[in-house]
Amino acid sequence: MTSEDRFLEHITRYEGGPQEEPPDTLATQLREMARRRRKYIALQRACASLADGHEEAADEHVLSVSTEATETRAFEFLSLAESASIAVAEAIQSSKETTTQRTGFHCIDTAIRNLRAKTMTTIGGTTGAGKSGLMLAMAVNLARRGIKTGIVSCEDAESVWGERGLAIASGVNPDELQANPENYKREVERGHAELRELGVTVAYELNRPLVDVLRAVRHLARKFGCKV
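Quantities reported herein were computed from a predicted structural model and do not represent experimental measurements. (Residues numbered from 1 in each chain as written. Predicted model: local features only at pLDDT ≥ 70, side-chain atom pairs only at ≥ 80, totals over all residues. Heavy atoms only, no water.)

Participant: What is the right way to look at the nonpolar core in this model?
Facilitator: The nonpolar side chains of a soluble globular protein tend to be buried with one another. Counting residues in hydrophobic clusters, the biggest one holds nine residues: Leu136, Ala139, Val140, Ala143, Ile151, Trp161, Leu195, Val200 and Val202. Elements that contribute at least two residues to this core include exactly helix H6 (131-144) and strand S4 (200-204). Counting residues per element, this core draws most heavily on H6, at four residues. (Core = buried A, V, L, I, M, F, W, Y, C linked by side-chain atoms within 4.5 Å. Buried < 20%, exposed > 50% of the residue type's maximum accessible area, 1.4 Å probe, protein only. Helix = DSSP H or I, 4+ residues; strand = E, 2+ residues; numbered from the N terminus.)

What follows is the structure, encoded as structure tokens:
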């Protein structure tokens, strides 16, 4: 029986749950090789972080090795039958998912049908269009409803987020902050404190690769309980 035949048989006889299909030998071997490679890379990064004196980052790399979620790698080197089984299961789970979170902006919530678990909404625009400001406003709206929210900054430094936090929480114009260098640092710190008090936590992975960004996301979820 070809893989296409197995796929059709699987879909035809699917009724109340995904059917278990034996994985192809090659898929299993490739998946195991990829797992080992990820483990060695993560351990190398942990050693490098320790050498740089970043013990917390090293712990995160080690933790990623010991608690790697197999579902995040589910579509890596899968056979067609395995892919079909997982896709059907995830489609059913998504259809049952009723927990959504409003961004606080009616036009956006209407367009994207709110923020839903295991989804990602991408906002695009030119430099200075207000992407980060809109995202921060959404985060604050969620936080004010008691939903802890995390932000991973890949481009803007702490001072920039301090300005934004102060502006959105206290209505202070960032241009006025920069006009008074003597109070600038203190006001920026106040902006960060305002965000933390609201329930918005910011992590910084400036110009870092994707693996470090994902590590920061896990850290925000585990340590600070961020749900969005």
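Participant: Looking at this structure, how should I read the environment of Arg113?
Facilitator: Mapped onto the fold, Arg113 is located in the loop between helix H5 (106-112) and strand S2 (115-116). Among the residues examined, Arg113 registers a relative accessible area of 61% and is labelled exposed. Counting along the chain gives twelve residues from Arg113 to Gln101, while the straight-line C-alpha distance between them is 9.2 Å. Contact partners of Arg113, with chain neighbours within four places excluded, come to Thr100 and Ile108. (Contact = heavy atoms within 4.5 Å.)

Participant: Just to check I follow, could you spell out helix H10 (residues 210-224) for this structure?
Facilitator: An α-helical turn contains 3.6 residues, so any two residues separated by three or four positions project in the same direction. Taking 1.5 Å as the rise per residue, H10 with 15 residues should run 21 Å; its terminal C-alpha atoms sit 21 Å apart, in good agreement. Downstream of H10 by a residue or two, Gly225 has a phi angle that is positive, lying close to 70°. (Expected span 1.5 Å × (residues − 1).)

Participant: Would you take a moment to explain helix H2 (residues 25-51) for this structure?
Facilitator: An ideal rise of 1.5 Å per residue puts 39 Å on 27 residues; H2 measures up with 40 Å between its terminal C-alpha atoms. Remark: Gly53 follows H2 within two positions and exhibits a positive phi of approximately 85°.

Participant: What am I meant to see in the pattern of salt bridges here?
Facilitator: Working definition: two side chains of opposite charge can pair if their charged atoms are close together. Across all of its chains, the model carries eight salt bridges by this definition. The salt bridge partner of Glu60 is Arg222, with a shortest N-O separation of 3.6 Å. Here the residue Glu60 occupies a position in helix H3 (residues 55-66), and Arg222 occupies one in helix H10, the gap between them amounting to 162 residues. Here Arg215 makes a salt bridge to Glu205, at a shortest N to O gap of 2.8 Å. (Salt bridge = Lys/Arg side-chain N within 4 Å of Asp/Glu carboxyl O.)

Participant: Please clarify how a nonpolar patch on the surface should be interpreted in this entry.
Facilitator: Residues Leu26, Leu30 and Met33 make up a contiguous nonpolar surface patch of roughly 300 Å² in combined accessible area. Structurally, Leu30 is set in helix H2. On the accessibility criterion, Leu30 (31% relative accessible area) is partly exposed. (Patch = residues over 30% accessible without salt bridge, like charges linked within 9 Å, V, L, I, M, F, W, Y side chains within 5 Å. Areas by Shrake-Rupley, 256 points an atom, 1.4 Å probe, with all protein chains shown as cover.)

Participant: I would appreciate a short explanation of unusual backbone geometry in the present structure.
Facilitator: Of all residues except glycine, most have a negative phi; of all peptide bonds, most are trans. With a phi angle near 70°, Asn114 is a residue other than glycine that sits in the positive phi range. Relative to the helices and strands, Asn114 is located in the loop between H5 and S2. The phi angle at Asn207 is positive, at roughly 55°, despite the residue not being glycine. Within the secondary structure, Asn207 sits in the loop between S4 and H10.

Participant: Help me understand the pairing of S4, please; the structure alone is not making it clear to me.
Facilitator: If a strand is regular, its side chains alternate between the two faces of the sheet. Where burial is concerned, most of S4 is hidden: four out of the five residues are buried. As paired elements, strand S3 (residues 149-153) and S4 share five bridges and run parallel to each other. Each residue of the ladder has a partner; that of Gly150, found in S4, is Thr201. (Pairing = 2+ DSSP bridges.)

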